[in-house]
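Okay, here's what each chain looks like letter by letter:
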Amino acid sequence: MTQSVGDSSASATRITPGNALRPEDIAQATRQGAAKASEDVAEYALRLGDDALILAQRLSHWISRAPELEEDVALGNIALDQLGHARSFLSYAGSAWGKSEDDLAYFRREPEFRSAHLFEQPNGDFAATIARQFIVANYQFPLYRELTRSSDPMLAAIAAKAVKEVDYHLDHSTQWVLRLAGGTQESRRRIIAGFKLMWPCVGELFEDDELTARLGDAGVVPSSLRAEFDRGVADVFTEAELDVPASPPATGGGRHGRHSEHMGYLLAEMQVLAREFPGASW
Amino acid sequence: MNEQDKASSTTPAPEPGAHRWPLWEVFVRSNRGLSHVHAGSLHAPDASMALRNARDLYTRRNEGVSIWVVPADAIAASDPDAKGAFFESPQGKDYRHATYYTKSEGVKHL
Amino acid sequence: MAQNVQSGGVSTHEQSELDAAGAENFDAIIARDSRIEPRDWMPEAYRRSLVRQISQHAHSEIIGMQPEANWITRAPSLKRKSILMAKVQDEAGHGLYLYSAAETLGTSRDEMMDALVAGKARYSSIFNYPTPTWADMGAIGWMVDGAAICNQVPLCRASYGPYGRAMVRVCKEESFHQRQGFEILLELANGTPEQKEMAQDAVNRWYAPSLMMFGPPDDDSPNSKQSMAWNIKRFSNDELRSRFVGMMVEQVKVLGLTLPDTQIRFNEATKKWDHAPLDWEEFKEVLAGRGPCNAQRLERRRSAHEEGAWVREAATAYAEKQAAKNAQKVAA
């Protein structure tokens, strides 16, 4: 009657000294000049950091509004993981320009944000949030796994912590996709609608550009992740008896600062207090 | 997490028409070499979600290396009203404890 | 929540004999300050009193998420955003631990949740006050959580086992809540004049409500006496309130702020801290549902609960289908 998780797999977000890199450690290392990102690496870290930051901002809205208290806690954990990754990537990116994580999060204008459109999509209902999370996790998991082999040691270290946490996000969203697709007619209708809504944003995640080409071994070529993404999605969709939505890809442009209509409101809310007191300490 | 994939096979069937999630008791092993200890309970639709919820709820601060979840109504417990009779027998059988043997006190390595 | 292995039915006569034996056992356990466990015989009034207190406590944690969740998306630094998120998340967890403790007394979480969203259950009235500024995150942590900790630490020794155990976990996790609040205020108090003013304003607004968290004065607290006799409550409302004032008065100096009460002094005769009289009329008004945010808080909980219904139903339906599938496999 008893279910168990093995001793090793239960430790997805276990923090033990020596193997878990905290955002504060990176901020300290950059302040001391022990880690300084090159311009290209910083631009790349900005993309990864902004993806995670904007997603954390969206997910955090669920806390106190989730379908069940257990899910408040679960979505809270995922949001906290993403925020942690964002802080690490942004701290490292900032080392190239003498800026802190907060300088970058609170005092950049919309065109300076480098996140892809998927991350800023509104939460919608729980199904839309799960659809977005499932796509994100299927993208971030192979991305971070490959990034652990980056020639840039700091990117590799941040990815090593992040990949374990995203592994769990992948599991969590998969469980919910199966339940919503195989639950009631209503839930099935909603998860199909959720995927339809989010799917146009998938293409942008796998677009290469000059920066990803210049990075070489330091980064991961986005297009190289597409096949694994498609396989991962297909496996779950087959079990859930879902079809990959036929929605054509949207234009995107987030990597170059062109965002959707939603982004302005998100940033206005996130930045309002910090901008009211520029230079203040909190 | 392959062990979890078997999870649904032991999920207790919820009452038909009931939308409430059943109650699960959670046991956490805090470190290798220690027993799983009861940590608390939670609600979940099935075993596999119960495990995940337990992970999120009861191991946020590194409290565990392994988790068990058990459907609350699968636990059989001794009857508290029968307490006297049930737990009386060991009373007065001190010879099960080392401290009963006083004459050998002070003898080395015994 | 385990089912015990029961012998068959009992007659009324046998039942009353069992009750008499149970009552004797219960009194003996309370007298030697031991713990009552879920399947023990207990007086109906003890059970009712516990369900009331524990469920109110759980509701307070859940409603209490809202005034703070209000600032998660606007937190002024990413560090503060992480801390606040972790704190509000903890509160969901604490609500869960407490609902579980109450469930051991035979009341389901659904029943308690239904009573809450129907406006039939009470929760700590402090959460019906609004959080208009960031400094409120500091004041809630320092004062509201501070008061809660004073209340909760003795509850770790409550005579009802599951309640005491839930409180041990809650208290352990809450140890960072008050400190993070204090540090928010400390940063503000040492910041720009506008920040310091924001901090002082928040302390002024939360002072009286946090003192009222200890409940009505002892001579007007109907349930206190019985709760103390049953070892659920260990100290009286006024006793705990006085202790809290004594702590605040020292800590506020470190902040460089002031408490909005000129009558605080240590009373040498009673060895207690005196403070200005509190407006218990306001307390009763807010408790009765006429506070600044009562309707808003309940509506938010109700809508989250109702909008989540289809998700809970979906998961249940999926579990049923999987169980049926597996039963078929076993049969085949």
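Reading guide: rules and limits
- Residues numbered from 1 in each chain as written.
- Chains lettered and ligands numbered in written order.
- Predicted model: local features only at pLDDT ≥ 70, side-chain atom pairs only at ≥ 80, totals over all residues.
- Heavy atoms only, no water.
- Helix = DSSP H or I, 4+ residues; strand = E, 2+ residues; numbered from the N terminus.
- Areas by Shrake-Rupley, 256 points an atom, 1.4 Å probe, with all protein chains shown as cover.
- Rg over C-alpha atoms; globule rule 2.2 N^0.38 Å.
- Buried < 20%, exposed > 50% of the residue type's maximum accessible area, 1.4 Å probe, protein only.
- Contact = heavy atoms within 4.5 Å.
- Buried area = accessible area lost by both parts, 1.4 Å probe.
- Salt bridge = Lys/Arg side-chain N within 4 Å of Asp/Glu carboxyl O.
- Polar contact = N/O pair within 3.5 Å; in protein donor to acceptor, adjacent residues only side chain to side chain.
- Axes fitted to C-alpha atoms, helices over the stretch in contact; angles between N-to-C directions.
- Parallel < 35°, antiparallel > 145°, perpendicular 65-115°, else oblique.
- Left-handed = near helix turned anticlockwise from the far one by under 90°.
- Nonpolar A, V, L, I, M, F, W, Y, C, P; charged D, E, K, R; others polar.
- Expected span 1.5 Å × (residues − 1).
- pLDDT = per-residue confidence, 0-100.
- Core = buried A, V, L, I, M, F, W, Y, C linked by side-chain atoms within 4.5 Å.
- Disulfide = S-S within 2.5 Å.
- Patch = residues over 30% accessible without salt bridge, like charges linked within 9 Å, V, L, I, M, F, W, Y side chains within 5 Å.
- Pairing = 2+ DSSP bridges.
- Phe/Tyr/Trp six-rings, centres within 6.5 Å; stacked < 30°, edge-to-face > 60°.
- Lys NZ or Arg CZ within 6 Å of the ring centre and 35° of its normal.

**Topic: the overall build of chain B**
And step 1. On a plain count of helices and strands, chain B comes out with 2 helices and 4 strands.
And step 2. When the accessible area of chain B is evaluated, it comes to approximately 6,500 Å², of which 54% is carbon and sulfur surface.

**Digging into the overall build of chain A**
And step 1. Of regular secondary structure, chain A possesses 12 helices and 1 strand.
And step 2. Relative to the compact-globule value of 19 Å for 282 residues, chain A shows a C-alpha radius of gyration of 18 Å, a close match.
And step 3. By principal-axis analysis of the C-alpha atoms, chain A measures approximately 55 × 45 × 40 Å.
And step 4. Relative to its full complement of 282 residues, chain A shows a buried share of 61%.

**Regarding the interface of chain C and chain A**
And step 1. Listed by partner, the interface residues are 45 residues for chain C and 47 residues for chain A.
And step 2. Together, the buried faces of chain C and chain A total about 4,100 Å²; carbon and sulfur atoms form 66% of this surface.
And step 3. For the chain C face of the interface with chain A, the top three residues by lost area are C:Leu78, C:Trp310 and C:Tyr318, together amounting to 19%.
And step 4. Run the count over chain C and chain A and you get 2 salt bridges.
And step 5. The closest approach of N and O atoms between A:Glu70 and C:Arg109, which form a salt bridge, is 2.6 Å.
And step 6. In this assembly, chain C and chain A are joined by 18 residue pairs in polar contact (both at pLDDT 80 or more).
And step 7. For the side of chain C that touches chain A, the secondary-structure elements that each account for two or more residues are helix H3 (65–69), helix H4 (78–103), helix H5 (109–117), helix H7 (161–189), helix H8 (193–212), helix H12 (294–307) and helix H13 (309–331) of chain C.
And step 8. With 13 residues, H4(C) is the largest single contributor of residues to the side of chain C that touches chain A.

**Description of the packing of helix H6 (residues 126–147) of chain A against helix H8 (residues 185–198) of chain A**
All names here are of chain A.
And step 1. It is at 8 Å that the axes of H6 and H8 come closest, and there the two elements cross at 55 degrees. Looking at the two axes, H6 sits oblique to H8. Handedness of the H6/H8 crossing: right-handed. Across from Ala127, Ala128, Ile130, Ala131, Arg132, Phe134 and Ile135 in H6, the residues of H8 making contact are Arg190, Ile191, Gly194, Phe195 and Met198.
And step 2. Taken together, the residues that form the contact of H6 with H8 break down as 9 nonpolar, 1 polar and 2 charged.

**Considering H12(C)**
And step 1. Taking 1.5 Å as the rise per residue, H12(C) with 14 residues should run 20 Å; its terminal C-alpha atoms sit 20 Å apart, in good agreement.
And step 2. Of all the residues in H12(C), the buried ones are C:Asn294, C:Arg297, C:Arg300, C:Arg301, C:Ser303, C:Ala304 and C:His305.
And step 3. Buried residues along H12(C) sit in contact with helix H3 (69–94) of chain A together with helix H2 (44–63), H3, H5, helix H11 (280–290) and H13 of chain C.

**Structural notes on the pattern of salt bridges**
And step 1. Under the criterion given, the structure shown has 45 salt bridges over all chains.
And step 2. B:Arg55 is the salt-bridge partner of B:Asp56, the closest N and O atoms lying 2.6 Å from each other. Across this residue pair, the class does not change: B:Asp56 and B:Arg55 are buried.
And step 3. A salt bridge links C:Arg35 to C:Asp33, with the nearest nitrogen and oxygen atoms 3.7 Å apart.
And step 4. Exposure remark for C:Arg35: the relative accessible area of 29% places this residue in the partly exposed category.
And step 5. Through salt bridges with shared partners, a single network forms among A:Asp125, A:Glu186, A:Arg189 and A:Arg190.

**Remarks on the confidence of the model for chain B**
Residues and elements named next belong to chain B.
And step 1. On average, residues of chain B carry a pLDDT of 80, and 78% of them reach 70 or more.
And step 2. Element-level pLDDT for chain B is lowest in helix H2 (residues 83–88), with a mean of 70, against a maximum mean of 96 in strand S3 (residues 66–71).
And step 3. Scored below 50 in pLDDT, residues 1–18 makes 34 contacts in the model with residues more than four places away or belonging to other chains.
And step 4. Confidence metrics for the complex model read pTM 0.89 and ipTM 0.92.

**Describing the nonpolar core**
And step 1. Ranked by size, the top nonpolar core spans 200 residues in total, and within it A:Leu180, A:Phe195, C:Trp134, C:Trp142 and C:Tyr163 carry the most contacts.
And step 2. When residues no more than four places from it in sequence are discounted, the contact partners of C:Tyr163 are C:Leu50, C:Gln53, C:Ile54, C:His57, C:Leu98, C:Ala101, C:Leu155, C:Ala158 and C:Ile232.

**Describing the confidence of the model for chain A**
Parts of the model with low pLDDT should not have their predicted coordinates read in detail.
And step 1. Across chain A, the average pLDDT comes to 92, with 93% of residues at or above 70.
And step 2. Scored below 50 in pLDDT, residues 5–18 of chain A shows 30 contacts in the model against residues more than four places distant or in partner chains.

**Description of the side chain of A:His117**
All names here are of chain A.
And step 1. Along the chain, the position of His117 falls in helix H5 (residues 117–120).
And step 2. Classification of His117 as buried rests on a relative accessible area of 11%.
And step 3. The contacts of His117, once residues within four sequence positions are left out, are Cys201, Glu204, Gly252, Gly253, Gly254, Arg258, His259 and Ser260.

**Focus: unusual backbone geometry**
Excluding glycine, most residues fall at negative phi; most peptide bonds, likewise, are trans.
And step 1. If you check the backbone angles, A:Ser64 has positive phi at about 90 degrees while not being a glycine.
And step 2. Judged by relative accessible area, A:Ser64 falls into the buried class, the value being 3%.
And step 3. The backbone of B:Asn62 shows a phi angle near 60 degrees, a positive value even though the residue is not glycine.
And step 4. By secondary structure assignment, the location of B:Asn62 is in the loop between helix H1 (47–58) and S3.

**As for the state of the cysteines**
And step 1. Scanning the entire structure with this criterion turns up 0 disulfides over all chains.
And step 2. For C:Cys171, which is in no disulfide, the shortest distance to another cysteine sulfur is to C:Cys156 and amounts to 3.6 Å.

**Here's the deal with the packing of H8(C) against helix H10 (residues 237–255) of chain C**
All names here are of chain C.
And step 1. In contact at an axis separation of 9 Å, H8 and H10 are set at 150 degrees when each is read in the N-to-C sense. Taken together, the axes of H8 and H10 are roughly antiparallel relative to one another. Along the contact surface, H8 presents Ser210, Leu211 and Met212, while H10 presents Arg241, Phe244 and Val245.
And step 2. Of the residues assigned to the contact of H8 with H10, the class counts are 4 nonpolar, 1 polar and 1 charged.

**Here we look at a nonpolar patch on the surface**
And step 1. A surface patch of nonpolar side chains, amounting to about 350 Å² of accessible area, comprises B:Tyr95, B:Tyr100 and B:Tyr101.
And step 2. Within the secondary structure layout, B:Tyr100 lies in the segment after H2.

**Some thoughts on H3(A)**
And step 1. Here H3(A) contains 26 residues, and its C-alpha end-to-end distance of 37 Å stays within 8% of the 38 Å for a straight helix at 1.5 Å per residue.
And step 2. Most of H3(A) is tucked away: 25 of the 26 residues are buried.

**Observations regarding the pairing of strand S2 (residues 36–43) of chain B**
Residues and elements named next belong to chain B.
And step 1. Most of S2 sits inside the fold, with 6 of its 8 residues counted as buried.
And step 2. Both strand S1 (residues 23–29) and S2 contribute to a ladder of 7 bridges, which runs antiparallel. Opposite Val26, over in S2, you have Gly40 as the bridge partner.

**A closer look at the packing of aromatic side chains**
And step 1. For the structure shown, the criterion picks out 24 aromatic pairs over all chains.
And step 2. Their ring planes at 90 degrees and their centres at 5.6 Å tell us that A:Tyr139 and A:Phe206 sit as a pair that is edge-to-face. Of this pair, A:Tyr139 sits in helix H6 while A:Phe206 sits in the loop between helix H9 (202–205) and helix H10 (210–215), and the two are 67 residues apart along the sequence.
And step 3. The class for A:Tyr139 is buried, based on a relative accessible area of 5%.
And step 4. Three or more aromatic residues link up through ring pairs in this structure, and these residues are A:Phe134, A:Tyr139, A:Phe195, A:Trp199, A:Phe206, A:Phe229 and A:Phe237.
And step 5. Note that A:Arg108 overlies the ring of A:Phe113, its terminal NZ or CZ placed 4.1 Å from the centroid.
And step 6. Across from the ring centre of C:Trp71, 3.7 Å away, lies the NZ or CZ of C:Arg74, which sits over that ring.

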